[in-house]
Amino acid sequence: MSMSIGLTGKRRIVLIAGTMLLLGLTGCGETGERTQGAMQMIQALDYQGALEQLDVAEENGENSRLVNRARGIACMGLTDYEQAAVWFEEAIAGSRGLVQNIDFDLNYYLAAAYTKNGRFDQAEEIYDAVLALRPNEKDAYFLRGNVRLALNNYTEAKQDFDRAVSMAHGDYDRLIEIYEVLDYYGYGEDGQVYLRTALESDGKKMDKYAIGRIYYYLGDFQSACLALEDAREKGGVESYLYLGRAYEATGDYNYAANVYNGYLEKNEGNAEIYNQLGLCEMARGEYRKALEAFQAGMQLDNTTMMQTLSFNEIVAYEYLGEYTQAGLLMANYLNNYPDDVQARREYDFLSTR
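Model, not experiment: these values are computed from the prediction. (Residues numbered from 1 in each chain as written. Predicted model: local features only at pLDDT ≥ 70, side-chain atom pairs only at ≥ 80, totals over all residues. Heavy atoms only, no water.)

1. Some details on the overall build of the protein
Each helix and strand in the protein was counted, giving 19 helices and zero strands. Buried positions account for 48% of the 353 residues belonging to the protein. Carbon together with sulfur atoms contributes 44% to the accessible area of the protein, which is approximately 17000 Å² in total. (Helix = DSSP H or I, 4+ residues; strand = E, 2+ residues; numbered from the N terminus. Buried < 20%, exposed > 50% of the residue type's maximum accessible area, 1.4 Å probe, protein only. Areas by Shrake-Rupley, 256 points an atom, 1.4 Å probe, with all protein chains shown as cover.)

2. Some thoughts on the nonpolar core
With 88 residues, the main nonpolar core has Phe88, Tyr127, Phe161, Leu195, Met206, Ile214 and Leu228 as its most contacted residues. For this core, the element with the most residues is helix 5 (residues 101-116), which contributes ten residues. Apart from residues no more than four positions distant in its own chain, Phe161 is found in contact with Phe142, Gly145, Asn146, Leu149, Ile178, Val181, Leu182 and Tyr194. Core analysis: the second largest hydrophobic core is formed by 20 residues, Leu279, Phe294, Phe311 and Ala316 among them. (Core = buried A, V, L, I, M, F, W, Y, C linked by side-chain atoms within 4.5 Å. Contact = heavy atoms within 4.5 Å.)

3. Details of the pattern of salt bridges
Throughout the structure, instances matching the rule amount to 18 salt bridges. Here Arg65 makes a salt bridge to Asp103, at a shortest N to O gap of 2.7 Å. Of this pair, Arg65 sits in helix 3 (residues 64-77) while Asp103 sits in helix 5, and the two are 38 residues apart along the sequence. As far as burial versus exposure is concerned, Arg65 and Asp103 are alike and both buried. In this structure, Asp139 and Arg174 form a salt bridge, with 3.1 Å as the shortest nitrogen-oxygen distance. (Salt bridge = Lys/Arg side-chain N within 4 Å of Asp/Glu carboxyl O.)

4. A short note on the side chain of Asp105
With respect to the helices and strands, the residue Asp105 is situated in helix 5. Separated by 2.6 Å, the side chains of Asp105 and Arg69 make a polar contact. (Polar contact = N/O pair within 3.5 Å; in protein donor to acceptor, adjacent residues only side chain to side chain.)

5. A look at the side chain of Ser310
Looking at the secondary structure, you find Ser310 in helix 17 (residues 306-319). With a relative accessible area of 12%, Ser310 lands in the buried category. Those residues in contact with Ser310, other than ones at most four positions away along the chain, are Met298 and Tyr333.

6. Digging into the packing of aromatic side chains
Counting across every chain of the model gives 16 aromatic pairs. Centre to centre, the rings of Tyr108 and Tyr127 are 6.3 Å apart; their planes meet at 50°, and the pair counts as tilted. In this pair, Tyr108 sits in helix 5 while Tyr127 sits in helix 6 (residues 120-133), placing the two residues 19 residues apart along the sequence. Both residues of the pair, Tyr108 and Tyr127, belong to the buried class. Ring geometry for Tyr247 versus Tyr255: centroids 4.4 Å apart, planes at 55°, classification tilted. (Phe/Tyr/Trp six-rings, centres within 6.5 Å; stacked < 30°, edge-to-face > 60°.)

7. Some words on the packing of helix 10 (residues 188-202) against helix 11 (residues 208-218)
Packed helices, taken two at a time, are described by the angle between their axes plus the distance between the axes. Direction vectors running N to C along helix 10 and helix 11 enclose 145°, while the axes themselves pass 10 Å from each other. The two elements helix 10 and helix 11 meet at a crossing, and its hand is left-handed. Facing helix 10, whose interface residues are Gln192, Leu195, Arg196, Ala198 and Leu199, helix 11 presents Ile211, Ile214, Tyr215, Tyr217 and Leu218. (Axes fitted to C-alpha atoms, helices over the stretch in contact; angles between N-to-C directions. Left-handed = near helix turned anticlockwise from the far one by under 90°.)

8. Considerations on the environment of Gly118
Position of Gly118 among the secondary structure elements: in the loop between helix 5 and helix 6. Exposure remark for Gly118: the relative accessible area of 40% places this residue in the partly exposed category. Taking the C-alpha atoms as reference points, Gly118 and Glu82, separated by 36 residues in sequence, lie 10.0 Å from one another.

9. Some points on the environment of Arg213
Summarising the element assignment, Arg213 is placed in helix 11. In this structure Arg213 comes out as buried when scored by relative accessible area, which is 6%. Distance from Arg213 to Tyr172, taken between C-alpha atoms, is 9.0 Å for residues 41 residues apart in sequence. Residue contacts for Arg213: discarding those within four places in its chain leaves Tyr172, Asp173, Ile176, Leu228 and Tyr242.

10. Notes on helix 17
Along an α-helix, residues three or four positions apart point the same way, because every turn accommodates 3.6 residues. For helix 17, which comprises 14 residues, the first-to-last C-alpha distance of 20 Å matches the rise-based estimate of 20 Å (1.5 Å per residue) to within 8%. Where burial is concerned, most of helix 17 is hidden: eleven out of the 14 residues are buried. Within helix 17 the residues assigned to the buried category are Thr308, Leu309, Ser310, Phe311, Asn312, Glu313, Ile314, Val315, Ala316, Tyr317 and Glu318. Just past helix 17, the residue Gly321 takes up positive phi, approximately 80°. (Expected span 1.5 Å × (residues − 1).)

11. Brief notes about the packing of helix 13 (residues 237-249) against helix 15 (residues 271-283)
Two elements in contact, helix 13 and helix 15, have axes whose closest approach is 10 Å; the angle formed by their N-to-C orientations is 15°. With respect to helix 15, the axis of helix 13 lies roughly parallel. Of the two elements, helix 13 crosses helix 15, and the hand of that crossing is left-handed. Touching Val237, Glu238, Tyr240, Leu241, Arg245 and Glu248 of helix 13 are Glu272, Ile273, Gln276 and Cys280, all from helix 15. By residue class, the composition of the contact of helix 13 with helix 15 is five nonpolar, one polar and four charged. (Parallel < 35°, antiparallel > 145°, perpendicular 65-115°, else oblique. Nonpolar A, V, L, I, M, F, W, Y, C, P; charged D, E, K, R; others polar.)

Encoded structure:
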């Protein structure tokens, strides 16, 4: 039986590409009405509708580079990374020779598509080119470090991470991202060095939320709980998520579930909270409650957690022994997310039940 997907699941590559997704891009003409509409559809996760809208935009003579850029983004959403790369390459080919902001934007997207498609050498070449023109692009150092680890080049990856850290002092999100990717590739202890150094040098001026998160990734869950209890008073969803996860790590699933339910009682629904609550209920053996939590998260509009929640819904049905329903949902899931190898294996298992 498959394991459900949690917030702490390892990520092969941490992607921050495409930071200019909905920003105005200079030097490439005006964004046409149809293209703007397609970008709004992408925000609403209607990727197929966006592609249809972009065909009309092309027919109407709207800016071809922006049309192809949007097509690439939509294909990324559909997990069709090979086709996404084709669209980004076409958009880049439309350059008139003068390097503009959109060219950097497109190259970040193209590198992301290459990375997701396992073309790490080509992604590295793109980051090399970006840094040759903009040596202060800290995101490029971080992302190149990611692909270098994927290429088993630890030494140069570590150099990139060191450079990224030096350029983003006080950016604890970035430190945690670096730890996560190093941990995935088996260098977790090296990743923790970054966290300990930050705690030792900045601890007195860090807020409780930052301290709690760092303790969490250092594996000191009791200290994490103490710091994050104070941070919870600020009411941010991330504070609740980390607090609940810290209690889960100590084995106190009852209190963790109370943390998540406490957030939901005071605030609008949040997909990550519902997902984590569902995982908590699974750990407690409350599979029906887990199913209800996953389904509640799926009812929210424009959630980026839909794939995770959908998979976990299927797992909950499996634990409930409702294999027919789980199989039907898995078939639909694989239509939407055909590149999920784990789900494909799970479907084979369900087919034998």
